[in-house]
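Working through the structure, step by step
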Amino acid sequence: MQGALTTLLGIAVITLIGVGIRVLMMLTIQQRRERMNRQINERLRTLIAAYRTLGGSFTGQLTVDPTHLRELRVKAPEENGESVDQHEDKSSDRSRRIRDAVEAALSDIILLGTEEHVRLASQAARDMAAGRPIHTADLVVSLRDFIRTALDLGPIPKEVEIPLQGPTRTQGGGRAKGDGERGGNKGAGRGGGMGGAGGAGMGMGMGLGIGHGKNDSSE
């Protein structure tokens, strides 16, 4: 009788140890999977943002002007009694904002992109540093194909012709808001703030949607 109890106790201890090891392994695997999903989702959000920055326009100027402010101050002559800064402010403020946004997007792609993305982004960064106009169409196509594959979306049909894409044309919201405040139009300033908050909410919603979609596909 004593031997039977000892045997049963030994079996129970071994079973508990086995169950504990299995639970620990399952928790470790689950935590690793969740960490990988978070990394993938963050990478996708960053690359999607870069895609929208580099390919958010189908019309107008589809290249990036790499000219810097110091170069404009040297090259831009005074016209009609205006100062060089005023001339530059009117003619190239938008192109500078586009260039800054493209620079940030290229930096993100070099950090988180695939080998092809890094190669194309590095070439664009070298052209920008050398003062040559930047073309982003090839990089945009590569990003689009990667993002659609990562989200388990089907390929775009071959008969669909997508025009060349260029960088998003940014809006001069900051200066417009300042002008409105100087003119006494404070309501316009409040409207701009509400618009910014709405845009942030939409961005967070898109990010969460991507995260849930990816987690579902991984499971």
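This text goes with the structure placed above it.
What this report covers is the structure whose coordinates are included nearby. It should be emphasised that the depicted structure is a prediction, and the values quoted were computed from it without experimental measurement.

The rules behind each value
- Residues numbered from 1 in each chain as written.
- Predicted model: local features only at pLDDT ≥ 70, side-chain atom pairs only at ≥ 80, totals over all residues.
- Heavy atoms only, no water.
- Axes fitted to C-alpha atoms, helices over the stretch in contact; angles between N-to-C directions.
- Helix = DSSP H or I, 4+ residues; strand = E, 2+ residues; numbered from the N terminus.
- Parallel < 35°, antiparallel > 145°, perpendicular 65-115°, else oblique.
- Left-handed = near helix turned anticlockwise from the far one by under 90°.
- Contact = heavy atoms within 4.5 Å.
- Nonpolar A, V, L, I, M, F, W, Y, C, P; charged D, E, K, R; others polar.
- Buried < 20%, exposed > 50% of the residue type's maximum accessible area, 1.4 Å probe, protein only.
- Polar contact = N/O pair within 3.5 Å; in protein donor to acceptor, adjacent residues only side chain to side chain.
- Salt bridge = Lys/Arg side-chain N within 4 Å of Asp/Glu carboxyl O.

**What to know about the packing of helix α4 (residues 115-129) against helix α5 (residues 137-150)**
Taken N-terminus to C-terminus, the directions of α4 and α5 make an angle of 160 degrees; their axes are 10 Å apart at the nearest point. Taken as axis vectors, α4 and α5 run roughly antiparallel relative to one another. The two elements α4 and α5 meet at a crossing, and its hand is left-handed. Contacts between α4 and α5 involve Glu-116, His-117, Leu-120 and Ala-121 from the former and Asp-138, Leu-139, Ser-142, Leu-143 and Phe-146 from the latter. Its residues assigned to classes, the contact of α4 with α5 comprises five nonpolar, two polar and two charged.

**Observations regarding the environment of Gln-165**
Structurally, the position occupied by Gln-165 is in the loop between α5 and α6 (173-182). Residue classification places Gln-165 among the buried residues on the basis of a relative accessible area of 5%. Residues Gln-165 and Leu-62, spaced 103 residues apart in sequence, show a C-alpha to C-alpha distance of 6.5 Å. If we skip the residues at most four places from it in the chain, Gln-165 touches Tyr-51, Leu-54, Gly-55, Ser-57, Phe-58, Leu-62, Thr-136, Ala-137, Val-140 and Arg-144. In this structure the side chain of Gln-165 is engaged in a polar contact, spanning 2.7 Å, whose partner is the backbone oxygen of Gly-55.

**What about the pattern of salt bridges?**
Applying the stated rule across the entire model yields three salt bridges. With a shortest N-O distance of 2.8 Å, Arg-45 and Glu-42 are connected by a salt bridge. Of this pair, Arg-45 and Glu-42 are both found in helix α1 (residues 2-55), three residues apart, which corresponds to roughly one turn of the helix. Judged by relative accessible area, Glu-42 falls into the partly exposed class, the value being 42%. Two residues, Arg-99 and Asp-100, come together in a salt bridge whose shortest N-O distance is 3.0 Å.

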